Amino acid sequence: ANSFIPKYCLQFADRFAAFARPADAAHGMKPRTEVQITQVRFLECFAKGFILHFRGGNPLAANCESSSEFQRWLGALVPLIPEVDLKAGRHAKLVEDLQKKKIL
């Protein structure tokens, strides 16, 4: 069965990292998952979050607690990722607006 394991995620200028707990990140512990942003090839949106698809790796799903949190994540990720799924349902307009702000 598929299940989500809560993680604390951070996006740095060059990488995306997921920790077991916020305290792990605050104390400089090694993240459970860490991927260079340049390895992200596709961002897929769904109702409460997104999935990052990587070159040569398993996708990473992130569930957001609120729509404002989701909007902040998309605002940070969309300018950095080459392809975003515009079939994002209710989020399609937000993704489209964010893509227009990309610096090419």
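Placed above this text is the structure.
Calculation criteria
Residues numbered from 1 in each chain as written. Predicted model: local features only at pLDDT ≥ 70, side-chain atom pairs only at ≥ 80, totals over all residues. Heavy atoms only, no water. Helix = DSSP H or I, 4+ residues; strand = E, 2+ residues; numbered from the N terminus. Buried < 20%, exposed > 50% of the residue type's maximum accessible area, 1.4 Å probe, protein only. Areas by Shrake-Rupley, 256 points an atom, 1.4 Å probe, with all protein chains shown as cover. Salt bridge = Lys/Arg side-chain N within 4 Å of Asp/Glu carboxyl O. Core = buried A, V, L, I, M, F, W, Y, C linked by side-chain atoms within 4.5 Å. Contact = heavy atoms within 4.5 Å.

**Q** An account of the overall build of the protein chain is needed here, citing residue identities and associated values.
**A** Regarding its fold elements, the protein chain presents three helices and six strands. In the protein chain, the succession of α and β elements from N to C terminus is β-β-α-β-β-β-β-α-α. Within the span of the protein chain, comprising 104 residues, buried residues form 34% of the whole. Accessible surface for the protein chain amounts to roughly 6,900 Å². Of this, 53% is attributable to carbon and sulfur atoms.

**Q** Quick rundown of the pattern of salt bridges? Include the residues and the values.
**A** By the definition in use, this model includes three salt bridges. Among the ionic pairs, Asp14 bridges to Arg15, the shortest N-O distance being 3.0 Å. Look at Asp14 and you get partly exposed, because its relative accessible area is 38%. Classification of Arg15 by relative accessible area gives partly exposed; the value is 23%. Put simply, Asp24 and Arg21 hold a salt bridge, and the shortest N to O gap is 2.7 Å. Residue Arg21 is classed as partly exposed on the basis of its relative accessible area, which comes to 48%. Counted as one network, the salt bridges with shared partners bring together Asp14, Arg15 and Glu34.

**Q** A description of the nonpolar core should follow, citing residues and the corresponding values.
**A** Of all hydrophobic cores here, the largest spans 18 residues; its most connected members are Leu43, Phe50, Leu52 and Leu77. Elements that contribute at least two residues to this core include exactly β4 (40-46), β5 (49-54), β6 (60-63) and α2 (67-77). In this structure, Leu52 is in contact with Phe16, Val40, Phe42, Leu43, Pro59, Leu60, Leu77 and Ile81, ignoring residues within four places of it in sequence.

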